[in-house]
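Observations on the three-dimensional arrangement
Each chain, written out:
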Amino acid sequence: TSRATDSLTIKQVDWEGKVALIQAAKSAGIERFIFFSILDADKYPNVPLMEIKRCTELFIVESGLNYTILRLAGFMQGLIGQYGIPILENQPVWVTGESSPVAYMDTLDIAKFAIRALTVPETEKQTFPLVGTRAWSAEEIIDICERLSGKDAKITRMPLGLLRGVQGLLRFFQWGWNVADRLAFSEVLASGKPLNASMDEVYTVFGLDKQQTTTVEIYLQEYFSRIMKKLKELDYQKAKEKKKKDKKTPFKQSTKVNSQ
């Protein structure tokens, strides 16, 4: 999938790239194609990435491949860069419009479902939602990060109208198309509509235990526990080095007293 640092557009990577990959997979005669889509992609036709995901789903179904489509809401790993690090470094945390609750899931749990699908016949040529144990708003995530880090977040709110204005302006320039497409996804996260779905049937089909799924609280607690421990160790080392420097006595030159 495309990244913010890519020079290629979302269309080139997520559409043209996926089409080429699917065609190559079919030619190679692979036994199963696992595709990660996005939940509610069909509800946002004006958001490029969502529309591309919807079209890719249709392309896979019509390709004749034996597939399993997993519709995700969000990765817990993304919370670190979006909330955790800015709060630790006293940098602004950007919140857009009316925060949409998102049912984030740990990538390790997502991997378990993907691998499990290969051995469960009931998942063949089927589409499933794949989300975390509950949906979280930006404000709730920030509250957890503040509590675990012991720091107050500097929240900066970006009005959705202003964001749309910037997006429209960038459309006038070819170099701004890729950025505009990415900003369009903010419509999804600022709509106030939760990205969530029931997982009861999914756990049953895949034969996995919901109790073993990592929650946002546990994930963030483990992250901040590790990072705060590391920061304490660094502070201790700095204090230790400073103490050693303070103990060094400066060279004292002897002075001669001349008597008349």
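Look a little higher up for the structure.
For the structure given in this document, a descriptive report is provided here. (Residues numbered from 1 in each chain as written. Predicted model: local features only at pLDDT ≥ 70, side-chain atom pairs only at ≥ 80, totals over all residues. Heavy atoms only, no water.)

1. A short note on the side chain of Lys 18
Looking at where Lys 18 falls in the secondary structure, it is placed in helix H1 (residues 10-28). Although Lys 18 is buried, it makes no salt bridge; Asp 14 carries the closest opposite charge, 4.3 Å away. Sequence-distant contacts of Lys 18, that is, excluding residues within four places in its chain, are made with Thr 1, Val 13, Phe 35 and Thr 56. (Helix = DSSP H or I, 4+ residues; strand = E, 2+ residues; numbered from the N terminus. Buried < 20%, exposed > 50% of the residue type's maximum accessible area, 1.4 Å probe, protein only. Lys, Arg positive; Asp, Glu negative; His and termini not counted. Salt bridge = Lys/Arg side-chain N within 4 Å of Asp/Glu carboxyl O. Contact = heavy atoms within 4.5 Å.)

2. Quick look at the nonpolar core
By size, the foremost hydrophobic cluster in this structure holds 50 residues, and its most contacted members are Tyr 83, Phe 113, Leu 130, Ile 141, Met 199, Val 216 and Leu 220. Apart from residues no more than four positions distant in its own chain, Tyr 83 is found in contact with Val 93, Ala 138, Ile 141, Ile 142 and Cys 145. Residues Ile 22, Ala 25, Leu 65 and Tyr 67 belong to the second largest nonpolar core, which totals 8 residues. (Core = buried A, V, L, I, M, F, W, Y, C linked by side-chain atoms within 4.5 Å.)

3. Re the packing of helix H3 (residues 78-88) against helix H5 (residues 138-149)
A pair of packed helices is characterised by two quantities: the angle between their axes and the separation of those axes. Between H3 and H5, whose axes approach to 10 Å, the crossing angle comes to 45 degrees. Considered as vectors, H3 and H5 are oriented oblique to each other. Crossing of H3 against H5: the hand is right-handed. When H3 is examined against H5, the residues Leu 79, Tyr 83, Gly 84, Ile 87 and Leu 88 are found in contact with a partner set consisting of Ala 138, Ile 141, Ile 142, Cys 145 and Ser 149. By residue class, the composition of the contact of H3 with H5 is 8 nonpolar, 2 polar and no charged. (Axes fitted to C-alpha atoms, helices over the stretch in contact; angles between N-to-C directions. Parallel < 35°, antiparallel > 145°, perpendicular 65-115°, else oblique. Left-handed = near helix turned anticlockwise from the far one by under 90°. Nonpolar A, V, L, I, M, F, W, Y, C, P; charged D, E, K, R; others polar.)

4. Regarding unusual backbone geometry
The backbone of Asp 40 sits at a positive phi, close to 65 degrees, despite the residue not being glycine. Summarising the element assignment, Asp 40 is placed in the loop between strand E1 (33-38) and helix H2 (48-63). Of note in the backbone geometry, Asn 90 takes a positive phi value of approximately 60 degrees without being a glycine. In this fold, Asn 90 is placed in the loop between H3 and strand E3 (92-96).

5. Quick word on the sheet that holds strand E4 (residues 126-130)
Across the sheet, which stays open at both edges, the 3 strands sit in the order E1-E2-E4 with parallel pairing between neighbours. Each end of this open sheet is capped by a strand with a single partner; those strands are E1 and E4. Adjacent strand axes in the sheet meet at a mean angle of 25 degrees when their direction is disregarded. Direction of pairing for E1 relative to strand E2 (residues 67-72): parallel, over a ladder of 6 bridges. (Pairing = 2+ DSSP bridges.)

6. Points about the side chain of Glu 57
For Glu 57, the position within the fold is in helix H2. With relative accessibility at 10%, the residue Glu 57 sits in the buried group.

7. Some remarks on the environment of Glu 98
In this fold, Glu 98 is placed in the loop between E3 and helix H4 (107-117). Taking C-alpha positions, Glu 98 is 9.7 Å from Arg 157, a pair spaced 59 residues apart along the chain. Setting aside residues no more than four positions away along its own chain, Glu 98 makes contact with Leu 189, Ala 190, Ser 191 and Gly 192.

8. Section: H4
Buried residues of H4: Asp 109, Ile 110, Phe 113, Ala 114 and Ala 117, and no others. Relative to the axis of H4, the buried residues are bounded by an arc of 145 degrees and lie together on one face. Across H4 from its buried face, at more than 90 degrees, point the exposed residues Leu 108 and Ile 115. Residues of H4 that are buried make contact with E1, E2, E4 and helix H9 (200-206). (Arc of directions from axis to C-beta.)

9. Structural notes on the environment of Glu 31
Position of Glu 31 relative to the elements: it lies in the loop between H1 and E1. On the basis of relative accessibility, which here comes to 73%, the residue Glu 31 falls in the exposed class. Between the alpha carbons of Glu 31 and Tyr 67 there is a distance of 8.4 Å; along the sequence they are 36 residues apart.

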